[in-house]
Amino acid sequence: MGLKVQIVSLLVSFCYGMFFYLLLELNSRFLYSSNIIVKVLVSFLFVMFHTLLYFIILMKINYGYIHFYFFLCIILGYILCKVVYKKIVKKS
């Protein structure tokens, strides 16, 4: 895998971490306001959708190669978005 493809994959993974956090915040509203069957179903579908979406994106970018540092970028994007989101919400 070339350097350009790796950099694009890292940036997409980082952005996907931020995207995942924002949709997880939206999903949490459904989880705290429903019965147990809806919670399990929504959680399962949420995880399956995001897993498939991430792998489809990786298939388009780098033919589906998965590296450990891609997951690190997802986690870093998630953490950064969480910190920024909490600071913005706290100010409001």
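None of these values were measured; they are calculated from a predicted model.

Asks: Pulling in residues and values, what's your account of the overall build of the chain?
Replies: Helices and strands together make up the secondary structure of the chain, namely three helices and zero strands. For the chain, the sequential pattern of α-helices and β-strands runs α-α-α. Judged by the C-alpha coordinates and their principal axes, the chain covers about 45 × 35 × 15 Å. Taking all 92 residues of the chain together, 17% fall into the buried category. The long-range fraction of contacts in the chain, counting pairs at least 24 apart against all pairs at least 6 apart in sequence, stands at 77%. With the model as given, the accessible surface of the chain reaches about 6,800 Å², and the carbon-plus-sulfur share is 78%.

Asks: Describe the side chain of H50, listing the residues and the values that go with them.
Replies: Locating H50 in the fold gives a position in helix α2 (residues 36–62). Judged by relative accessible area, which is 4%, H50 ranks as buried. Leaving out residues up to four positions away in the same chain, H50 has contacts with Y16, F19, F20 and L23.

Asks: Just give me the short version of the nonpolar core, but keep the residues and values in it.
Replies: If you look at the biggest cluster of nonpolar residues, it comprises five residues: Y16, Y54, L58, F70 and I74. Every element with two or more residues in this core is listed here: α2 and α3 (68–91). Once you skip the residues sitting within four places of it in the chain, I74 turns out to touch S13, G17 and Y54.

How each quantity is defined
- Residues numbered from 1 in each chain as written.
- Predicted model: local features only at pLDDT ≥ 70, side-chain atom pairs only at ≥ 80, totals over all residues.
- Heavy atoms only, no water.
- Helix = DSSP H or I, 4+ residues; strand = E, 2+ residues; numbered from the N terminus.
- Buried < 20%, exposed > 50% of the residue type's maximum accessible area, 1.4 Å probe, protein only.
- Contact = heavy atoms within 4.5 Å.
- Areas by Shrake-Rupley, 256 points an atom, 1.4 Å probe, with all protein chains shown as cover.
- Core = buried A, V, L, I, M, F, W, Y, C linked by side-chain atoms within 4.5 Å.

Nothing here speaks to function; it is geometry throughout.
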